[in-house]
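Observations on chain architecture
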Amino acid sequence: MRNAINKIMSNPGSLELVLDNLKEGVVAHDLNRRIFFFNREAERITGFDRSKVLGKDCHEAFGAPLCGDECAFTAEKPQFDPHREYRTRLITKNGGARMVEMSVTMMYEKTGVPFGVLAAFRDITDLFQLKLGSDHVTRFGDIIGNDINMINIFKQIEDLAEYDYPVHVYGETGTGKELIANAVHNSCYRSDKPFVPINCGALPEGLIESELFGHVKGAFTGAIRDKKGRFELADGGTVFLDEVAELSKYMQVKLLRFLQEGTIEKIGGESTRTMNVRIISATNKDLGEEVRKKNFREDLYYRLNVIPIRIPSLRDRRTDIPLLVDHFLEEARRRHNQPSLRISKNALSIMLDYPWPGNIRQLQNAIQYSIVKCSSDIILPENLPLELRQHEGPEYRPASGPKLTVQSVETALKTSGGNKSKAARLLGVGRATLYRFLEKQSETIE
């Protein structure tokens, strides 16, 4: 045994043999992203041959950042964190998607100067699918949630990974429509191409056509050069049309033509160009109702609403509030390099009772306010915004036939401190329904 160890330590090639037998993919590159190590498991997971990637720029070798949106080397000035762990989705050589658990560590010389990055990753696709099927997932990309409504959305996004149909996301203001759109984009083969958002309600009518389709020099006063539109910038990727219900009838016709023909014509231009772009739209309005009111074209509605995704409001997924609170507290701790904060049961109870008209965006703002007001390591009721403290109580309206799961019931009981009446309200069901579920699942719950 000792002789074998001495042989490995004295032979650099033997160390490579050891790393090739790891059950984790390992890739290492220098500060210029040049890959100098790529083990056998990394080949298996990604589908890329090491002889084809060694010595190449990481982004060029894989056609996109291997770490996806988490890659620190996409910024102009990379942020060198000593160590990071996260889940991400990578696109294999054949265009398939794999969910991986990534551990990224900076490598330093003896002098303390960084010289490269070592990334170890494990394929958890099958495990993730199993958890998704058993409703035990609490996060999907940047989306936090374990409520059954969110689990169903995660499954829907997974189902969409192999398809390229238009998606329409509907939800109240502050529910995270752009996060859902990003997740859809990152789950498909276009994930290495641009994701280009545009807020249709934030641009003046005179500018939105130019923003979407571009213009040529001299097309109008002030057009001093050719300009690419968002569709051209997103070629090969995804355009996210937020607040699409705010488009004028004229722009609706323009968008419909693109969806039918896949071509654009710049303002002032005389030729058309073919664009390969996926459309994801979103609105906080009921597009079907807008069609009935004659505010939105019916033919465009059917073109956009091929795959509808409805995001529940925060008051319809109250069991996710503790998860979101923990996430925002941890996010603030990392951003400001401060000690960890926790929230008291009384403060959390107030948050659970509040109706959250501004949804997750309002919850995030409330947490940020509470962090500023808190003078200890625990957020108390008096640290919460005034509108939360003055709220008299919830007006619960049970959802229509919510599906109870072991995970959601356990979370509700833990959140309510074992109070079954309050847990039932959190779940949006009557007490009798919860009691019947507990009787059937008593062995699982125990």
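Whatever comes next refers back to the structure up there.
Residues numbered from 1 in each chain as written. Predicted model: local features only at pLDDT ≥ 70, side-chain atom pairs only at ≥ 80, totals over all residues. Heavy atoms only, no water.

Before going further, it helps to spend a moment on the sheet that holds strand β9 (residues 195-199). Read from one edge to the other, the open sheet built from five strands follows the order β9-β12-β15-β8-β16, with strand pairing classed as parallel. Single-partner strands in this sheet number two, and they are β9 and β16 (307-310). Sheet twist, expressed as the mean angle between neighbouring strand axes with direction ignored, is 20°. The sheet contact formed by strand β8 (residues 167-170) and β16 spans four bridges and is parallel. Each residue of the ladder has a partner; that of Val169, found in β16, is Ile309. Taken strand by strand, helix α7 (residues 148-160) contacts β8, β15 (278-283) and β16, and its axis lies near 155° from that of β16. (Pairing = 2+ DSSP bridges. Helix = DSSP H or I, 4+ residues; strand = E, 2+ residues; numbered from the N terminus. Axes fitted to C-alpha atoms, helices over the stretch in contact; angles between N-to-C directions. Contact = heavy atoms within 4.5 Å.)

As a further point, take the pairing of β8. In terms of strand pairing, β8 meets β15 through four bridges, oriented parallel. Across the sheet, Tyr170 pairs through a bridge with Thr283, a residue of β15.

Considering all chains together, one arrives at three cavities of 30 Å³ or more under this definition. By volume, the second largest cavity is sized at about 80 Å³. Around the second largest cavity, the lining residues are Phe213, Lys254, Arg257, Phe258, Thr263, Ile264, Glu265 and Thr272. Among the elements that line the lining of the second largest cavity, the one with the most residues is helix α11 (residues 249-261), at three residues. Grouping the constituent residues of the lining of the second largest cavity by class yields three nonpolar, two polar and three charged. (1 Å grid on protein atoms, 1.4 Å probe; cavity = no way out; pocket = protein on both sides within 12 Å on 5 of 7 lines; lining within 4 Å. Points joined across faces, edges and corners; volume = space filled by probe spheres on them. Nonpolar A, V, L, I, M, F, W, Y, C, P; charged D, E, K, R; others polar.)

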